[in-house]
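Inside the fold
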2 protein chains.
Amino acid sequence: MAITIKDIAKRTGVSHSTVSRALGGNSLISEATSTRIRKVAREMGYQPSAAARSLKTNQTKVIGVIVNSIDDPFFSEILFGIEDAAQQAGYSLFIAASQYDPIREQKIVQTMMEQRTDGVIICSSSFSADKGRQLLANGFPVVVVNYKANENFNYSIYHDDLDGSQQLTRHLLALGHTKIAYLGNSKSGRTSLDRLNGFKKEMRKAGEKINPAYIYEVGGSDPALGKESLHYFMNLSDRPTAIICFNDMLAIGFLHACRQSGIRVPDDLSVTGFDNITFSAYTSPPLTTLDQPKYSIGNESAQLLLELLGKKIENQNNTHKEKVLKGSLLVRNSTSTLTPKE
Amino acid sequence: MAITIKDIAKRTGVSHSTVSRALGGNSLISEATSTRIRKVAREMGYQPSAAARSLKTNQTKVIGVIVNSIDDPFFSEILFGIEDAAQQAGYSLFIAASQYDPIREQKIVQTMMEQRTDGVIICSSSFSADKGRQLLANGFPVVVVNYKANENFNYSIYHDDLDGSQQLTRHLLALGHTKIAYLGNSKSGRTSLDRLNGFKKEMRKAGEKINPAYIYEVGGSDPALGKESLHYFMNLSDRPTAIICFNDMLAIGFLHACRQSGIRVPDDLSVTGFDNITFSAYTSPPLTTLDQPKYSIGNESAQLLLELLGKKIENQNNTHKEKVLKGSLLVRNSTSTLTPKE
DNA sequence: AAACCTTCTGCACACGTGTGCATTAACTAT
DNA sequence: ATAGTTAATGCACACGTGTGCAGAAGGTTT
């Protein structure tokens, strides 16, 4: 059994209350006994029980993070930003991955509630809204990241996907492309839709028509799915000259399929990604993509939550706060001017 | 404030002990009241307090996981295996990333102890041994993963890096290579050393000499470091014809540098990786690597820990258990027979 | 010397759960 | 009808920590 403040009390000949106060830095206790107690505590290797403390103070100093999958390098970098902010404020992270599984989602929400997490950050774009509201209803401060799907969440931070997609589209248009396709991920909900809409909006602005056959969706963002989708576009009688992929993972698979099929990128086909994950710099050719400020997104979402925890007393239902971060176009070598074929 | 069993007791007109027993499935309580209580509990949206329960039962149903960095896709897949096993047994994960920072490591250990984690899995090959022992000394069951550095940890599970490296070396030798180099990661300690030794051992077995200049180490496993290291090998008067990289990340960067420098892989130079992370299948050319059973490593380490928690009473210091998993050679297109130059 | 203030410490209770023991009610056996 | 057995529930305490309040010790003011 771990040692408690009572053990320290016995050892120093004072009451456990005095020990509690001394270690808590309460100025009521004389400096002399205070330092003596602290010394003994250190010698005995005392570690306070988070459970007991939480029970009494009604706060855990833990914030929960719900994420789609830890495998996804995109989320990893967001997590990194969250952890930095949390750690600095003395908070620990309780991370759970939903794996797109509703049953798992429910279990996660339940666990968060049982653990009495001080707040929750939802980074999963596909996380079901009712489960999120379940947290809100139980009084948990919630910050949603890249989850514009529902306006019921009062605190959110997200990347401007519409703008990002427009930037990419403008880039391709400027290179002379008009036959531009979009490869989406039906599982990522609003995020994919926003990117599609940004593309459409910019095309309309430029007075270009969009071929409905150029819009294709797959059920996830595994590179393998990107790879498989090349078939679809190649079977079109009128092929696109450029393709905007929902994210880097799909683009990486897509590029690979191009190489295998002898389609030269960017000469035959320009390809863009989205997110700028580490590996997008190492593809062949290096991927033109939209650099999303992943670390900042994570960091600021954590800061927003922390701020929320500070003024917990006020009614958070009446306040709204929404922060939008913009990414920037990162031109590498997977896009080029349109070269006439044959 | 969240509702408690006392609230349920008041509502149903019984004592809080009866509620506790009813929800705990104690057969002492009559079936009638039991179901009635359960129904009310559900209606009121009761969520037990993990803190209070832990305090009383002295177990948290949480296992701590210490990892180098969440960014690393290699660790991500191990985490996946751990989570599956843990979830199935009703345990949650408390994940912390050390980021190779000693101060952070100390904080993590302290947090784990304060949280009274039921057990700890250390997945960080570079995690300092004394901090691990600190956990052991405080009675925490510990399982180390890929951490052969010190035999003081009684429960460990690791991949046979020596064997894996030998498999790769044999593969290259069979292709006719004799001028083989090794690109290591000085930060990963024993792991890198084992892979180096596997390489040396197999070379010796084949009667081949190793050029000391062919062994080069960098301080990490970021692809950028792999990319930079090409310079070194190209400046050698007698260049190697094949190179074994410590892991896929380095190999991916290395391949990229080759492409930029006009070095044809595998015609001019054969390159191998290690781990088989997702992206190694999408490089150009696809990477020959050693497929490490990452999921299994994670899963079995969690199972080992769970087993350990079951027979907690016995003195774990007297028992040893070590499990070794072997990976398998995965030949793709970054290696080929030696073709005479010019 | 009595009355007061200041400084420090201990007592006792609370947080939400779980559990040994006593208690009550209901039923069976003589 | 009484004693004995079984089934169901409540009482009271414990886990480790924090905190309002009372109280003790020592010093200062009248």
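1. As for the overall build of chain A
Scanning chain A from terminus to terminus reveals 13 helices and twelve strands. By the compact-globule yardstick of 20 Å for 342 residues, chain A is too spread out, its C-alpha radius of gyration being 26 Å. Viewed in the frame of its principal axes, chain A has a C-alpha envelope of about 95 × 40 × 35 Å. The buried share of chain A, reckoned over its 342 residues, is 54%. In chain A, the share of contacts with a sequence separation of at least 24, taken over all contacts with a separation of at least 6, comes to 71%.

2. A closer look at the pairing of strand β4 (residues 142-145) of chain A
All names here are of chain A. Neither face of β4 is open: one carries Val142 and Val144, the other Val143 and Val145, and all of them are buried. Following the backbone out of strand β3 (residues 119-122), through helix α7 (residues 129-137) and into the adjacent parallel β4, one traces a crossover that is right-handed. Where β4 and strand β5 (residues 155-159) come together, two bridges link them in parallel fashion. Its bridge partner lying in β5, Val144 is registered against Ser156.

3. Observations concerning the protein's contact with DNA strand D
Close contacts around DNA strand D come from 26 residues, with A:Ile5, A:Tyr46, B:Thr18, B:Arg21 and B:Lys56 the closest. A breakdown of the atoms of DNA strand D within 4 Å of the protein gives sugar and phosphate a share of 58%. At a separation of 3.0 Å, a base oxygen of DNA strand D approaches a polar side-chain atom of A:His16. Of all the elements in the fold, those that place two or more residues in the surface near DNA strand D are α1 (5-12), α2 (16-24) and α4 (50-57) of chain A together with α2 (16-24) and α4 (50-57) of chain B.

4. A closer look at the pattern of salt bridges
By the definition in use, this model includes 29 salt bridges over all chains. Among the salt bridges present, the one from B:Arg264 reaches B:Asp268, with a minimum N-O distance of 2.9 Å. It is possible to trace a salt-bridge network through shared partners that takes in A:Glu83, A:Asp84 and B:Arg104.

5. Details of the protein's contact with DNA strand C
Near DNA strand C lie 27 residues; those nearest to it are A:Ser15, A:Thr18, A:Arg21, A:Lys56 and B:Tyr46. Restricting attention to atoms of DNA strand C within 4 Å of the protein, one finds that 55% of them are sugar or phosphate atoms. B:Ser20 is positioned such that a nitrogen or oxygen atom in its side chain is 2.9 Å from a phosphate oxygen of DNA strand C. Between DNA strand C and the protein, one listed contact pairs a phosphate oxygen with a side-chain N or O atom of B:Tyr46 at 2.7 Å.

6. Thoughts on the relation of the copies chain A and chain B
The two copies are related by a screw operation: chain A maps onto chain B through 180° of rotation and 0.0 Å of translation along the axis, at an RMSD of 0.1 Å. In the structure described here, the two chain copies are related by an operation that fits a two-fold rotation axis. When C-alpha positions in chain A are compared against the rotation axis, the closest is assigned to A:Ala51, at 2.2 Å.

7. Concerning the sheet that holds strand β8 (residues 242-245) of chain A
Residues and elements named next belong to chain A. Spatial strand order, β7-β6-β8-β9: four strands in an open sheet with parallel pairing. The open sheet terminates on both sides in strands that have one partner only, identified here as β7 (215-218) and β9 (270-272). Pairwise comparison of adjacent strand axes, ignoring direction, gives a mean angle of 20° for this sheet. With three bridges connecting them, β8 and β9 associate as parallel partners. By the bridge assignment for β9, Ala242 is matched with Ser270. With respect to the sheet, helix α8 (residues 161-174) is in contact with β6 (180-185), β8 and β9, its orientation differing from that of β8 by roughly 170°. Against the sheet, helix α9 (residues 190-205) contacts β6, β7 and β8, and its axis sits at roughly 165° relative to β6.

8. With respect to the sheet that holds strand β4 (residues 142-145) of chain B
Residue and element names in this part refer to chain B. Pairing within the open sheet is parallel, and its six strands lie in the order β2-β1-β3-β4-β5-β11. Two strands in the sheet have a free side with no partner beyond their single neighbour: β2 (92-97) and β11 (321-325). Here the average twist between neighbouring strands, direction ignored, is 15°. Where strand β1 (residues 62-67) meets β2, six bridges bridge the pair, whose relative direction is parallel. Residue pairing in the sheet places Val65 in a bridge with Ile95 of β2.

9. Quick notes on empty space enclosed by the protein
The probe, sized like a water molecule, is rolled over the atoms to show the empty space still left. Tallied over the full model, the rule gives six cavities of 30 Å³ or more. Forming the boundary of the largest cavity are 18 residues, of which A:Ala50, A:Ala51, A:Gln115, B:Ala51 and B:Gln115 lie nearest the centre. Counting only elements with at least two residues in the lining of the largest cavity, the list comes to α4 of chain A together with α4 and α6 (102-115) of chain B.

10. With respect to the layout of surface pockets
Approximately 1400 Å³ is the volume attributed to the second largest pocket. Along its surface, the second largest pocket is lined by 39 residues, and A:Ala2, A:Gln47, A:Pro48, A:Ser49 and B:Arg116 are the ones closest to its centre. Sorting the residues of the lining of the second largest pocket by element identifies α1, α2, α3 (31-44) and α4 of chain A together with α4 and α6 of chain B as the ones contributing at least two each. The biggest single contributor to the lining of the second largest pocket is α4(A), with five residues. For the lining of the second largest pocket, the residue count by class is 14 nonpolar, 16 polar and nine charged.

11. Things to note about helix α8 (residues 161-174) of chain B
Residues and elements named next belong to chain B. Over its 14 residues, α8 runs 20 Å from end to end, which matches the ideal 20 Å to within 8%, given 1.5 Å per residue. Burial of α8 is extensive: eleven of the 14 residues sit out of reach of the surface. Listed in full, the buried residues belonging to α8 are Asp161, Asp163, Gly164, Ser165, Gln166, Gln167, Leu168, Thr169, His171, Leu172 and Leu173. A distance of 3.4 Å separates the backbone nitrogen of Leu162 from a side-chain oxygen at the start of α8, and that oxygen is part of Asp160.

12. Here we look at the nonpolar core
The biggest cluster of nonpolar side chains holds 68 residues, and the ones touching the most others in it are A:Cys123 and B:Cys123. B:Cys123 has contacts with B:Val65, B:Ile66, B:Val67, B:Phe75, B:Ile78, B:Ile82 and B:Val145, leaving out every residue within four places of it along the chain. Grouped together as the second largest cluster of nonpolar side chains are 37 residues, A:Ala96, B:Val62, B:Val109 and B:Phe127 included.

13. Structural notes on the interface of chain A and chain B
The interface of chain A with chain B comprises 56 residues on the first partner and 56 residues on the second. Summed over both partners, the interface of chain A with chain B comes to about 4600 Å²; 56% of that surface belongs to carbon and sulfur atoms. In terms of surface lost to chain B, no three residues of chain A exceed A:Gln47, A:Phe279 and A:Tyr282, which account for 16% of the buried area on that side. Counting the contacts that link chain A with chain B gives three salt bridges. Of the charged contacts in the structure, one is a salt bridge between A:Glu83 and B:Arg104, with a shortest N-O distance of 4.0 Å.

About the cut-offs
- Residues numbered from 1 in each chain as written.
- Chains lettered and ligands numbered in written order.
- Predicted model: local features only at pLDDT ≥ 70, side-chain atom pairs only at ≥ 80, totals over all residues.
- Heavy atoms only, no water.
- Helix = DSSP H or I, 4+ residues; strand = E, 2+ residues; numbered from the N terminus.
- Rg over C-alpha atoms; globule rule 2.2 N^0.38 Å.
- Buried < 20%, exposed > 50% of the residue type's maximum accessible area, 1.4 Å probe, protein only.
- Contact = heavy atoms within 4.5 Å.
- Right-handed = clockwise from strand over helix to strand, strands pointing away.
- Pairing = 2+ DSSP bridges.
- Near = heavy atom within 4 Å.
- Polar contact = N/O pair within 3.5 Å; in protein donor to acceptor, adjacent residues only side chain to side chain.
- Salt bridge = Lys/Arg side-chain N within 4 Å of Asp/Glu carboxyl O.
- Least-squares fit on C-alpha atoms with pLDDT ≥ 70 in both.
- Axes fitted to C-alpha atoms, helices over the stretch in contact; angles between N-to-C directions.
- 1 Å grid on protein atoms, 1.4 Å probe; cavity = no way out; pocket = protein on both sides within 12 Å on 5 of 7 lines; lining within 4 Å.
- Points joined across faces, edges and corners; volume = space filled by probe spheres on them.
- Nonpolar A, V, L, I, M, F, W, Y, C, P; charged D, E, K, R; others polar.
- Expected span 1.5 Å × (residues − 1).
- Core = buried A, V, L, I, M, F, W, Y, C linked by side-chain atoms within 4.5 Å.
- Buried area = accessible area lost by both parts, 1.4 Å probe.

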